[in-house]
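Descriptive analysis of the structure
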Amino acid sequence: MRYVTAILGALFIFVAVFILSAFLVPMYPAFLQQWVSLGFMQTNNIVGLLLASLAATASFRATLRRYAKKKFPADEEKAG
């Protein structure tokens, strides 16, 4: 269940950051407004794509770390 939660959270973060950054596209310089094809999708929001990927990756890793801490709290007490 932790992977499902992490993947769904990462997808939500990716979509949210990508959509919010789409409002900034008119302010980008011309070389950042070129169209990029990702196979099934085309976008001119290169910066949003990169930021959304970084945010989704960070969200995925943070969720898995949070689940790892919840799973073994007794081990931390023994170590400390």
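Definitions and limits used
Residues numbered from 1 in each chain as written. Predicted model: local features only at pLDDT ≥ 70, side-chain atom pairs only at ≥ 80, totals over all residues. Heavy atoms only, no water. Helix = DSSP H or I, 4+ residues; strand = E, 2+ residues; numbered from the N terminus. Buried < 20%, exposed > 50% of the residue type's maximum accessible area, 1.4 Å probe, protein only. Contact = heavy atoms within 4.5 Å. Areas by Shrake-Rupley, 256 points an atom, 1.4 Å probe, with all protein chains shown as cover. Phe/Tyr/Trp six-rings, centres within 6.5 Å; stacked < 30°, edge-to-face > 60°.

If you tally the helices and strands in the chain, you get three helices and two strands. Secondary structure elements of the chain, listed N to C terminal, follow the sequence α-β-β-α-α. Going through the 80 residues of the chain one by one, you find that 18% of them count as buried. Counting only contacts in the chain whose residues sit at least 6 apart along the sequence, the fraction spanning at least 24 positions is 55%. Of the accessible surface of the chain, which amounts to about 6200 Å², a share of 70% is contributed by carbon and sulfur atoms.

Turning our eyes to something else, we now look at the side chain of Ser21. Residue placement: Ser21 occurs in helix α1 (residues 2-22). Note on Ser21: relative accessible area 6%, which makes it buried. Excluding residues within four positions of it along the chain, Ser21 makes contact with Tyr28, Asn45 and Gly48.

Right, let's talk about the packing of aromatic side chains for a bit. Enumeration according to the criterion identifies one aromatic pair in this entry. Arranged with centres 6.1 Å apart and planes meeting at 5°, the rings of Phe14 and Phe18 form a pair that is stacked. Of this pair, Phe14 and Phe18 both sit in helix α1, four residues apart, which is roughly one turn of the helix. What makes Phe14 partly exposed here is its relative accessible area of 24%.

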